[in-house]
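Close look at the chain arrangement
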Amino acid sequence: MSLNNIAIIGLGLLGGSLGLAIKEHLPAAKTVGFDRDTDVRRRAAEIGLVGTVMETASEAVADADLVILCVPVGAMAAAATELAGSLKPSAIVSDVGSSKASVGKALAEALPSATVIPAHPVAGTERSGPDAGFASLFDGRWCILTPSDGTDETAVAELRTFWETLGSTVEIMDAEHHDLVLAVTSHIPHLIAYTIVGTASDLEDVTQGEVIKYSAGGFRDFTRIAASDPTMWRDVFLSNREAVLEVLGRFSEDLTVLQRAIRSGDGDTLFDLFTRTRDIRRSIIDMGQDDAAPDFGREH
Ligand code: NAP
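Residues numbered from 1 in each chain as written. Predicted model: local features only at pLDDT ≥ 70, side-chain atom pairs only at ≥ 80, totals over all residues. Heavy atoms only, no water.

1. Topic: the side chain of Asp35
Cut-off, in case you're wondering: Per the convention used, a helix needs a DSSP run of H or I reaching at least four residues, while a strand needs a run of E reaching at least two, with both numbered from the N terminus. Whenever a nitrogen or oxygen atom comes within 3.5 Å of another N or O atom, the pair is scored as a polar contact, on the condition that within protein one atom can donate a hydrogen and the other can accept it, and that pairs from neighbouring residues in sequence are kept only if both atoms are in side chains. Contact between two residues is taken to exist if any of their heavy atoms lie within 4.5 Å; hydrogens are not considered.
By the secondary structure assignment, Asp35 is in the loop between strand 2 (30-34) and helix 2 (38-47). Here Leu11 takes part through its backbone nitrogen, which lies 2.8 Å from a polar atom of the side chain of Asp35. Sequence-distant contacts of Asp35, defined by excluding residues within four places in its chain, comprise Gly10, Leu11, Gly12, Val40 and Arg41.

2. Regarding the site of the ligand
Convention followed: Whether a residue is near a molecule or strand depends on its heavy atoms: it is near if one of them lies within 4 Å of it. Accessible surface area values rest on a Shrake-Rupley calculation with a 1.4 Å probe, where residue burial reflects the displayed protein chains alone.
Residues in close proximity to the ligand total 28 residues, the closest being Leu14, Asp35, Arg36, Val71 and Ser98. Note that an oxygen atom of the ligand is positioned 2.6 Å from one of the side-chain N or O atoms of Ser98. Thr125 has a polar backbone atom sitting 3.2 Å from an oxygen atom of the ligand. Protein coverage of the free-state accessible area of the ligand, which is 900 Å², stands at 88%. Going through the elements one at a time, helix 1 (13-25), helix 4 (76-83) and strand 7 (119-122) are the ones with two or more residues in the shell around the ligand.

3. Brief notes about the packing of aromatic side chains
Each pair of aromatic rings is reported with the distance of its centres and the angle of its planes. Put simply, the test is: Pairing of aromatic side chains requires ring centres within 6.5 Å, counting the rings of Phe and Tyr and the six-membered ring of Trp. Pairs whose planes differ by under 30 degrees are stacked, by over 60 edge-to-face, and all others tilted. Exposed residues in this analysis have more than 50% of their type's maximum accessible area, buried residues have under 20%, and partly exposed residues fall in between, with area computed by a 1.4 Å probe over protein chains only.
Following the criterion strictly, the structure yields three aromatic pairs and no others. A centroid spacing of 5.5 Å and a plane angle of 75 degrees characterise the contact between Phe162 and Trp163, whose relative ring orientation is edge-to-face. Residue classification places Phe162 among the buried positions, given a relative accessible area of 0%. Taking 5.9 Å as the distance between ring centres and 45 degrees as the angle between the ring planes, the aromatic pair formed by Trp233 and Phe237 counts as tilted. One end of the pair is Trp233 and the other is Phe237, both in helix 10 (residues 230-239) and four residues apart, which spans about a single turn. This pair shows no difference in class: Trp233 is buried, exactly as Phe237 is. Put simply, the rings of Phe138, Phe162 and Trp163 touch in pairs and so form one group of aromatic residues.

4. Remarks on the sheet that holds strand 8 (residues 142-145)
We apply this condition: Any two strands are treated as partners once DSSP identifies two or more bridges connecting them. Between N-to-C directions, angles cover 0 to 180 degrees, with each direction set by a line fitted to C-alpha atoms, over the stretch in contact for helices.
Strand order in the open sheet formed by three strands is 7-8-9, with mixed pairing between adjacent strands. Of all the strands in the sheet, just strand 7 and strand 9 (169-172) have a single pairing partner and so form its edges. Strand-to-strand twist in this sheet, taken as the mean axis angle between neighbours without regard to direction, amounts to 20 degrees. Pairing between strand 8 and strand 9: four bridges, direction parallel. Its bridge partner being in strand 9, Leu145 is matched across the sheet by Ile172.

5. With respect to the pattern of salt bridges
Two side chains that carry opposite charge are able to pair once their charged atoms sit near each other. The test is simple: We count a salt bridge whenever a side-chain nitrogen from Lys or Arg sits within 4 Å of a carboxyl oxygen from Asp or Glu.
According to the stated counting rule, one finds 13 salt bridges in the structure shown. Close ionic contact of Glu46 with Arg42 constitutes a salt bridge, the shortest N to O distance being 3.1 Å. On the criterion of helical spacing, the pair formed by Glu46 and Arg42 is a turn pair, its members being four residues apart in helix 2. Here Glu164 ties to Arg160 by a salt bridge, and the two come within 3.4 Å at their closest N and O atoms. Highlighted residues: Glu164 and Arg160, both in helix 6 (residues 153-165), separated by four residues, approximately one helical turn. Three or more residues are tied together by salt bridges with common partners; here these are Asp39, Arg42, Arg43, Glu46 and Asp131.

6. Quick look at the environment of Cys70
Within the secondary structure layout, Cys70 lies in the loop between strand 4 (66-69) and helix 4. It is 8.9 Å that separates the C-alpha atoms of Cys70 and Gly16, two residues lying 54 residues apart in sequence. For Cys70, the contacting residues outside a window of four places in its chain are Ile8, Ile9, Gly10, Leu14, Gly15, Leu18 and Val96.

Structure (structure tokens):
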């Protein structure tokens, strides 16, 4: 593994987990971290998320073979600009942002002479901040790399090996395609969760107490997703606008079909859809991406 010095910018859930995962799987690698928040820097040093926490981004990246930006997608351009003059010429710059086309563009513009390889580990939780990190976050999860045409293939191979060493399975994808796939599998589900939880709390004939008391009827699982970090998710929707609006259009049409089926007493349409969706759930469990235990197997 030639990426011996690794700098992590942003020491929240993703950055912290990355530091801990490197410590576990690549114990010989030297990790250096930076976060713009003083309290986060202090806490990251206290709990040892990285080997050394630096006071500036420039210091953090000065010796790095690999720099990974773990900040909200709306902050990627500013974070990259901050370290632009301090990178080693051979450094690979990557990120973990949830949308890829706009982040890739922002990084390429801020760092025109660097080797930029955008990445998205499809792994996370609804928690954020340095205390939310854990070493096994990337274990058995996908990590999607979206290098642009002409990116140095050796660097892409090195980044692939890095993520595989942390336990991830790597896929290479076009950034626009990534954004469409993730709009379907992650971004729209979050939007629906935010909407339904908002709708429930705005209802006048059902009290907030009743919503909380009877939440096990399905609402509770939406609240877990709707508790996700507001900054991160605001940025995801603004940065993946095109794909989100495209999938949202399709979703609205399908919702109208169900609305019509319910109004006209068309049980077959409902039954057929619910049978198809149950098969999708089974396929996810078969692929090891979740388990069948009650409440999605999450610990309480
Ligand atoms: P997080 O826990 O909120 O951590 C982000 C950290 O970055 C915060 O401490 C933030 O400080 C800091 N930061 C913001 N701008 C910065 C800058 N310019 N320089 C240095 N530090 C800066 O967020 P996260 O969940 O780790 O998410 C990080 C990235 O991972 C996002 O791009 C997200 O899309 C992606 N991602 C998240 C998940 C998930 O489930 N959470 C999954 C996959 C990918 P402030 O609080 O002061 O802003």
